[in-house]
Number of protein chains: 2
Amino acid sequence: MRILGIDPGLTRCGVGVVDLNSNRRASFVAVHVIRTPSTNELPARLLELESGLVELFETYQPDAVAIERVFSQHNVRTAMGTAQASAVAMLIAARNQLDVAMYTPTEVKAAVTGYGRADKSQITAMVTRLLGLAEPPKPADAADALALALCHAWKGQGRARIAEQVSKMAMVNN
Amino acid sequence: MRILGIDPGLTRCGVGVVDLNSNRRASFVAVHVIRTPSTNELPARLLELESGLVELFETYQPDAVAIERVFSQHNVRTAMGTAQASAVAMLIAARNQLDVAMYTPTEVKAAVTGYGRADKSQITAMVTRLLGLAEPPKPADAADALALALCHAWKGQGRARIAEQVSKMAMVNN
């Protein structure tokens, strides 16, 4: 099963692609960041984001999509932009008749690091280890998108098992 | 020039169509309300809204689009839904290479009633009079969408002239 994780944003939209094999082992496929210039008008930016996402959906043919759930953020303007970017992602997923799973940042952090209040560097470090990447994915949006895909991949395994796996891996790698 | 006014929303999205002739007189063309069931998942609702809007863009072939600008509302969840619905509308406008004008509720109220804090019934009453409609458009979202189109139609005329016209009409009709 191929999972596409999307960390929605107008300035940077992270897209992480992960394959899950029959033993529930996740492997890295690709990671992209779609950027739209803030000097462009909002409708044009949404259209650029749509084109970028449509291309990635076509290239990777995912079986499932995981999108970060938008919450009220400190900056209302940013929250609106994120909500609008996530709408574009949801629209494309629905058009492709794919189920969309939504996860809060806390759920993603807990799934990947075992700790719901992990910071960005901890997420990046764990994603790098869990997917056996040679280098940490950059920027943070790229790592977040992969974390979302991993969160969805392990959804069925229950929190306890995820935490166990994660702590085991963290020990091995430290 | 044909203007399509959109009052974005997931539960009800108002779409008002107004023609502006060479004398800057506005005439009513149509008004629609697209509804998506709240029992459906968000991606499916966005897709339904997209289909509905695409059909109206094809039917009415507008030259310009006016969309209500989303502000932080009291209810954050509602604001997010409105932001996402407006993203769908902007996307379709951009796809059709149409300029999108955004107006705040206060701007729309001021343009149509001459008073930025007018209530919904005042907006409905003025839209009914200004477009010479036999009956008030219902629900309020329909009237709001027509008000948006009128606001855009009169944009070039300056606030003073709009206010003058509006007060003159209000006197005639009262």
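- Per its UniProt entry, chain A bears the Sequence similarities (unreviewed entry) comment "Belongs to the RuvC family."

Brief notes about the sheet that holds strand β2 (residues 12–20) of chain A
All names here are of chain A.
Here's step 1: Judged by pairing direction, the sheet is mixed, and its 5 strands sit side by side in the order β3-β2-β1-β4-β5 without closing on themselves. Each edge of the open sheet is held by one strand with a lone partner, namely β3 (26–35) and β5 (100–103). Strand-to-strand, the axes of this sheet are offset by a mean angle of 20°, without reference to chain direction.
Here's step 2: Of the strand pairs in this sheet, β2 and β3 are connected by 9 bridges, and their pairing is antiparallel. Paired with Gly 14 across the two strands is Val 33, which belongs to β3.

Thoughts on the environment of Arg24(A)
All names here are of chain A.
Here's step 1: Positionally, Arg 24 belongs in the loop between β2 and β3.
Here's step 2: A relative accessible area of 36% places Arg 24 in the partly exposed class.
Here's step 3: Separated by 129 residues in the primary sequence, Arg 24 and Ala 153 place their C-alpha atoms 7.5 Å from one another.

Structural notes on unusual backbone geometry
Here's step 1: A cis amide bond links Lys138(A) with the next residue in sequence, Pro139(A), at an omega value of -10°.
Here's step 2: In this fold, Pro139(A) is placed in the loop between α4 (120–130) and α5 (140–153).
Here's step 3: The backbone of Gln61(B) sits at a positive phi, close to 45°, despite the residue not being glycine.
Here's step 4: Topologically, Gln61(B) is positioned in the loop between α1 (42–60) and β4 (64–68).
Here's step 5: Even without a glycine there, the phi angle at Gln97(B) is positive, about 55°.
Here's step 6: With respect to the helices and strands, Gln97(B) occurs in the loop between α2 (76–95) and β5 (100–103).

What to know about the environment of Ala83(B)
Here's step 1: Relative to the assigned elements, Ala83(B) resides in helix α2.
Here's step 2: Look at Ala83(B) and you get buried, because its relative accessible area is 0%.
Here's step 3: Once you skip the residues sitting within four places of it in the chain, Ala83(B) turns out to touch Met80(A), Ala83(A), Gln84(A) and Val70(B).

Here's the deal with helix α3 (residues 105–113) of chain A
Here's step 1: Restricting attention to buried positions, one finds in α3(A) the residues Val108(A), Ala110(A), Ala111(A), Val112(A) and Thr113(A).
Here's step 2: Phi turns positive one or two residues past the end of α3(A), at Gly114(A), with a value near 80°.

With respect to the interface of chain A and chain B
Here's step 1: Taken together, the contact pairs 22 residues of chain A with 22 residues of chain B.
Here's step 2: Summing the contributions of chain A and of chain B, the shared interface buries around 1800 Å²; its carbon and sulfur component is 83%.
Here's step 3: When the buried area of chain A at its contact with chain B is split by residue, Pro43(A), Met80(A) and Leu91(A) rank highest and sum to 30% of it.
Here's step 4: Inspection of the region where chain A meets chain B yields 2 salt bridges.
Here's step 5: Note that Arg95(B) and Glu50(A) form a salt bridge whose closest N and O atoms lie 2.8 Å from each other.
Here's step 6: Counting only elements with at least two residues in the side of chain A that touches chain B, the list comes to α1 (42–60) and α2 (76–95) of chain A.
Here's step 7: Counting residues per element, the side of chain A that touches chain B draws most heavily on α2(A), which supplies 12 residues.
Here's step 8: Residue classes in the side of chain A that touches chain B are distributed as 17 nonpolar, 3 polar and 2 charged.

Re the relation of the copies chain A and chain B
Here's step 1: Superposing chain A onto chain B takes a rotation of 180° combined with a translation of 0.0 Å along the rotation axis, leaving an RMSD of 0.0 Å. In symmetry terms, the pair is related by a two-fold rotation axis. The C-alpha atom lying nearest the rotation axis in chain A is that of Gln84(A); the distance is 2.4 Å.
Here's step 2: The residues that chain A uses at the interface reappear at the interface of chain B in 100% of cases, marking a shared surface.

Remarks on the sheet that holds strand β1 (residues 2–7) of chain B
Residues and elements named next belong to chain B.
Here's step 1: If you walk across this open sheet you meet the 5 strands as β3-β2-β1-β4-β5, and the pairing is mixed. Among the strands making up the open sheet, the edge pair consists of β3 (26–35) and β5. Across the sheet, the mean angle separating the axes of adjacent strands is 20° when strand polarity is ignored.
Here's step 2: Across 4 bridges, the pairing between β4 and β5 is parallel. Following the sheet pairing, Ala 66 is matched in β5 by Ala 101.
Here's step 3: Where helix α5 (residues 140–153) meets the sheet, it contacts β1, β2 (12–20), β3, β4 and β5, and its direction lies at approximately 35° from that of β2.

What counts, and at which threshold
Residues numbered from 1 in each chain as written. Chains lettered and ligands numbered in written order. Predicted model: local features only at pLDDT ≥ 70, side-chain atom pairs only at ≥ 80, totals over all residues. Heavy atoms only, no water. UniProt positions renumbered as here; feature names shortened; annotations may be inferred. Pairing = 2+ DSSP bridges. Helix = DSSP H or I, 4+ residues; strand = E, 2+ residues; numbered from the N terminus. Axes fitted to C-alpha atoms, helices over the stretch in contact; angles between N-to-C directions. Buried < 20%, exposed > 50% of the residue type's maximum accessible area, 1.4 Å probe, protein only. Contact = heavy atoms within 4.5 Å. Buried area = accessible area lost by both parts, 1.4 Å probe. Salt bridge = Lys/Arg side-chain N within 4 Å of Asp/Glu carboxyl O. Nonpolar A, V, L, I, M, F, W, Y, C, P; charged D, E, K, R; others polar. Least-squares fit on C-alpha atoms with pLDDT ≥ 70 in both.

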